[in-house]
Amino acid sequence: MKSSLPARLALSLCLSIALAQPLAAQDAQPPAATDARHTPSAALPHGWNPADWDQQDSEFTPEAGWHFGKLDNGLRYIIRRNNRPENTALVRMEIAAGSIDERDGERGFAHFVEHMAFNGSAQVPEGEMVKLLERQGLAFGPDTNASTGFERTLYMLNLPRADDGLLDTALMLMRETASELTISQDAVNRERGVVLSERRVRNTYGLKNTIDGLEFAYPDALVPKRLPIGTAETLGNATAAGLRGFWQREYTPSDTVLVVVGDFDPAMVEEKIRARFASWAQGPQTIQPDAGPIDPSYRGQTDIYLDPALTENVSLMRHGAYTDTPDTLAQRRKALLRYVGSNIVGRRLNRLQRSENPPFRGVNIATSDFFEDGKVTELSVSAEEGGWQRALEAAVDEYRRAMTFGFTEAEIAEQMSNVRSALQNAAANSATRSNQTFAAQALAIANGKEIADNPADQLARFEDAAGSVTPAAVLAEMRDYFLDLDDPLIRFTGKTAPEGGAEALRSAVVAAFAREISPPDETATAEFAYTEFGPASAVVSDTQSSQLDIRQIRYANGVRLNLKRTDLEDDRVNIRVAIDGGEMLASRDNPLAVELGGLLSSGGLGQHSRDELQTILAGRSVAASFGVGTETFDSAAATTRRDLELQLQLLAALVSDPGYRAEGLGSWRQGLDDFFARLDKTPAAAFREAMRTTISDNDPRFTRQPIDAYRALDFTKLKSAIADRLQNGAVEIALVGDFDEAEAIRMVGATFGALPPRESDFAPYEAQRASFTMTQKRGVQIVRHKGESDQSQLQLVWPTTDDSDWDTSSRLSLLARVARLMLTEKMREELGQTYSPTVSSDQSSTYRGFGTFMMGAAVDVAQLDAARAAMAQVVDELRAGPPDADLIQRARQPLLESLDNRLKSNGGWMALVGRAQSEADDIERFVTAKARYEAMTGEDLHQLAQQYLAPGDAVEFRVLPEAPVKPQ
């Protein structure tokens, strides 16, 4: 076995600042709280032995409900019975073998072996594993997948049904992967092209920047030399014997953990695991190499890395020694102090970024462990072109201000309120946690990380510890944990080098740390100003839908409300608000009319800035969002029963009194140059831009406009475009989840129902719906990109029709699934050309008669003609005759399973409840969908292919490199 499981990693205190953030920390995951509340021995979970899981130093115990075990050969397993989503399950198998286990000639082998797991074993012939799962309703990708990291390889199966037979199949396939693969040379030769294709697609400016950054920061470490994607040379030279040698050496039962979460009897699952895996013989012991070394004395070096697609960024870094800290009450308290202090620093930086002319576009200050080989403190800022020094000074000022003067009582209180709210929410929802949540917790336990115990106990410990979280305690812990950034490593990335080069960079850093700083300002907290909207509106209609029992309300002012109570998530309420308008307000004369709509919430409210709202609403599970759809403006949020009324008040305020503050556009404006600089830097990006232009015949509503047109936008222009819709447009609100219906009706009546009367029906927009038709161009369209010279993309686009005919729309969807399976088998399995060919059918629900059927792949530029021939062959076969029954079954069954499981989540319900009154046909469409798919025949698909997929009717996009291909 490996020498030991990885010790738990210290909490990474990242303070990344995004352009849009929730107003309160409702989704934050604070560290588990402190103080002693040990689990009584009588409540120990079944089979729990800390020594089996490298948890001997933990003072905590997993909550009741877990089922742990270990076979004589060393294989360990974790089982959890759970029924969210109902009658589904997850199976995970994690092998403690990743890219750092590779030898010099094996770079990329861990990932290559992961691919070979789907290419033949003792019981499953090559090419049959995925087909077997598809027949059972698991779609490749969403339900059947794997991933390779530096230390581990994870195999994942999402079972659409929690039945014994499907579990048997899943465990059989996991055992086949673990010890029964064939790894034939022919299969390796075919899969090699797929693996190289994946490497080629990922070989972008981003990957090259990452590699350079790792090599600079950790020059002696193994990690920069062991990226999971490998090298073209080692992958090209890989043989079946070499891959089999790595697999046999590294895949051993003592390095394997099985996780099964779902609606199964744990004793039954344990019996199946023992029956399936007990005979797996333990191989020779292996030792996983260190990811390092990392040298704490490494400092004073500078790196400048340039690429036309990169954002200007400066990073400062210092290394320190690794400390293996046990999972104790004391350590959890320290983690809480760091979490609070780091979030305060993040709030201060966030406040600067929300200014009209922010000093930086993004900022990150973090201290974290580098595997088990060192500790790293990093301060990183990104800026608009030429603004690196201003950005650096602002970030260093706030970092030093925090470390010098500490934090205020008000700042501590705000963050503690957010932590308390997150823990309260977790406790309230503990009985309806998802399979995904438990699977993630199981793997964390298996990897020796912090044990997640009962949410109610975590909340109780937090309350016990809250009084000890003082400004002095937080500052002391921050000073102790963060490394001094004296004489740091400095790394600059961007499009052009800074004037003066490395010397100027270091001088600027020295000057930034010498600047005079002052204590933080005290900030007052205002009261939320939007609790009264006028007299509540009366309910004028209250009905129940004939299908799915959706309650439908109408208020006297024209607002509609749809209600669906569920027991899927305790204390969770999903909200959606749809307002008439959206992209229908754009025109050929004013194509960017609503371009800034998605940033509306960044401008705050009339009486509160975005930053003020974050403080006012601290500790409350609410958020403001505003998006632009094709026909509506949409706000969506997830809240709790306690905060439902406040959430409705916030969204009603955003509709009735948006702030339109210019500060909401600062970071967006600074990002425009970088956004435009990247539009042609990869084949995928270049295709997206070209397709919009070509398919729409340069219709400005669907075509990228010049950058100056975006620079000229402001909130004043947005207000003139959307104010009428916000004031008068039809509104439809939906609530799904755990709430009291009578209270919800009252709350909506007192918020949206209290707004002035508005249109009761959504506008038909007939002229706009008829204003778009697909281009009459056909044949080859050449598109150029500025990425790597061996990268290309081929896309065929056929015109179809809109989605108004349910049968046609459903048949096109199934035809696309069938074509995707055929193209994948031909290009990936037979020819080994591409990592992930795509086929999709998209019928518009907005524009009359418009729809597309697309088939494409990213391939080596030398394989473009072969890829075109493969696509043509798939189309010819579909047009020549009906697909066979097995192929249709493999395409259809995952779709049928997804329909069966659609209403097992609040999100699935919301897709139907959101417009249940204004788009009532969607409910009937969903209810009848399964019968439509089951009734489809091969002849139906054959006729559809003949109707729409004529070879000469496609627009063919060939995305080619601007630079010539380098000679081999």
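Our subject is the structure that appears above.
Quick caveat, the model's predicted, so the values are computed rather than measured. (Residues numbered from 1 in each chain as written. Predicted model: local features only at pLDDT ≥ 70, side-chain atom pairs only at ≥ 80, totals over all residues. Heavy atoms only, no water.)

Visitor: How should the pairing of strand S14 (residues 560-565) be read in this particular structure?
Guide: Two faces, one strand: in a regular strand the side chains alternate between the faces of the sheet. When you tally the buried positions in S14, you get 5 out of 6 residues, the bulk of the element. Between strand S13 (residues 551-555) and S14, which pair antiparallel one after the other, the connecting turn spans 4 residues, and Gly558 there sits at a positive phi close to 100°. Of the pairings in the sheet, the one linking S14 to strand S18 (residues 731-737) comprises 6 bridges and is parallel in character. What sits directly across from Leu561, in S18, is Ile733. (Buried < 20%, exposed > 50% of the residue type's maximum accessible area, 1.4 Å probe, protein only. Helix = DSSP H or I, 4+ residues; strand = E, 2+ residues; numbered from the N terminus. Pairing = 2+ DSSP bridges.)

Visitor: Explanation requested: the sheet that holds strand S8 (residues 312-320) in the structure shown.
Guide: The strands making up a sheet associate through backbone hydrogen bonding, with each pair oriented either parallel or antiparallel. Strands sit in the order S7-S11-S8-S10-S9 across an open sheet of 5 strands; the sheet is mixed. Two strands bound the open sheet, and with one partner strand each, they are strand S7 (302-306) and strand S9 (362-370). On average, each strand axis in the sheet is tilted by 15° relative to the strand beside it, whichever way the strands run. Two strands pair when backbone bridges link them, and S7 and strand S11 (residues 489-494) are joined in this way by 5 bridges, in the parallel orientation. The residue bridging Asp303 from the neighbouring strand is Arg491, located in S11. Relative to the sheet, helix H5 (residues 205-217) contacts S7, S8 and S11, its axis offset from that of S11 by approximately 165°. Of the strands in this sheet, S8, S9, strand S10 (374-383) and S11 touch helix H10 (residues 388-405), which is tilted by about 130° from S10. (Axes fitted to C-alpha atoms, helices over the stretch in contact; angles between N-to-C directions. Contact = heavy atoms within 4.5 Å.)

Visitor: So what exactly am I meant to see when it comes to the side chain of Asp643 here?
Guide: When you line up the elements, Asp643 lands in the loop between strand S17 (632-639) and helix H17 (644-656). A polar contact of 3.4 Å, which involves the side chain of Asp643, links it to the side chain of Arg642. (Polar contact = N/O pair within 3.5 Å; in protein donor to acceptor, adjacent residues only side chain to side chain.)

Visitor: What should I look at first to understand helix H25 (residues 864-880) in this one?
Guide: Given 3.6 residues per helical turn, the α-helix brings residues three or four places apart onto the same face. Given a rise of 1.5 Å per residue, 17 residues ought to cover 24 Å, and the 24 Å separating the end C-alpha atoms of H25 matches this to within 8%. Here H25 has its buried residues at Leu864, Ala867, Ala870, Met871, Val874, Val875 and Leu878. One face of H25 carries all of its buried residues, which in axial projection span an arc of 130°. Exposed residues pointing more than 90 degrees away from the buried face of H25 are listed as Asp865 and Ala880. (Expected span 1.5 Å × (residues − 1). Arc of directions from axis to C-beta.)

Visitor: Please explain the nonpolar core as it appears in this structure.
Guide: Within soluble globular proteins, side chains that are nonpolar tend to cluster in buried spots. Phe528, Leu561, Leu644, Leu735 and Phe752 are the most contacted members of the largest nonpolar core, which has 59 residues in total. Tallying contributions element by element places H17 first for this core, with 9 residues. (Core = buried A, V, L, I, M, F, W, Y, C linked by side-chain atoms within 4.5 Å.)

Visitor: How do you make sense of the sheet that holds strand S19 (residues 779-785) when you look at a structure like this?
Guide: Pairing within the open sheet is mixed, and its 5 strands lie in the order S19-S23-S20-S22-S21. Here the strands that pair on one side only, and so sit at the sheet edges, are S19 and strand S21 (838-843). The average angle at which neighbouring strand axes cross in this sheet is 20°, direction not considered. Looking at chain direction, S19 and strand S23 (residues 955-961) are connected through 7 bridges and run parallel. Each bridged residue has a counterpart across the sheet, and for Ile782 the counterpart in S23 is Arg958.

Visitor: What should I look at first to understand helix H18 (residues 666-677) in this one?
Guide: Most of H18 sits out of view: 9 of its 12 residues are buried. Buried residues in H18 make contact with S8, helix H9 (329-353), H10 and helix H20 (707-711).

Visitor: Before we go on, may I ask you to explain the packing of H9 against helix H14 (residues 471-481) in this structure?
Guide: Packed helix pairs are specified by the crossing angle of their axes together with the interaxial distance, meaning the distance between the axes. Interhelical geometry of H9 versus H14 gives an angle of 95° and a closest axis separation of 8 Å. What the angle tells us is that H9 and H14 run roughly perpendicular. In this structure, H9 uses Arg333, Lys334, Leu337, Arg338, Val340, Gly341, Ser342 and Val345 to contact H14, whose residues at the interface are Ala473, Val474, Glu477, Met478, Asp480 and Tyr481. Class assignment of the residues belonging to the contact of H9 with H14 gives a composition of 7 nonpolar, 2 polar and 5 charged. (Parallel < 35°, antiparallel > 145°, perpendicular 65-115°, else oblique. Nonpolar A, V, L, I, M, F, W, Y, C, P; charged D, E, K, R; others polar.)

Visitor: So what exactly am I meant to see when it comes to the packing of aromatic side chains here?
Guide: Note on aromatic pairs: each is described by the distance of the centres and the angle between the planes. Within this structure, the stated rule accounts for 24 aromatic pairs. Seen from their ring centres, Trp66 and Phe68 are 6.3 Å apart, and the 35° between their planes marks the pair as tilted. A relative accessible area of 2% places Phe68 in the buried class. Taking 4.0 Å as the distance between ring centres and 25° as the angle between the ring planes, the aromatic pair formed by Tyr218 and Phe370 counts as stacked. With Tyr218 in the loop between H5 and helix H6 (232-236) and Phe370 in strand S9, this pair connects stretches of sequence that are 152 residues apart. Here Tyr218 and Phe370 have matching classes, each one buried. Every member of this aromatic cluster is reached through a ring pair, and the members are Trp48, Trp53, Trp66, Phe68 and Phe438. When the ring centre of Phe60 is taken as reference, the NZ or CZ atom of Arg332 above it lies at 3.6 Å. (Phe/Tyr/Trp six-rings, centres within 6.5 Å; stacked < 30°, edge-to-face > 60°. Lys NZ or Arg CZ within 6 Å of the ring centre and 35° of its normal.)

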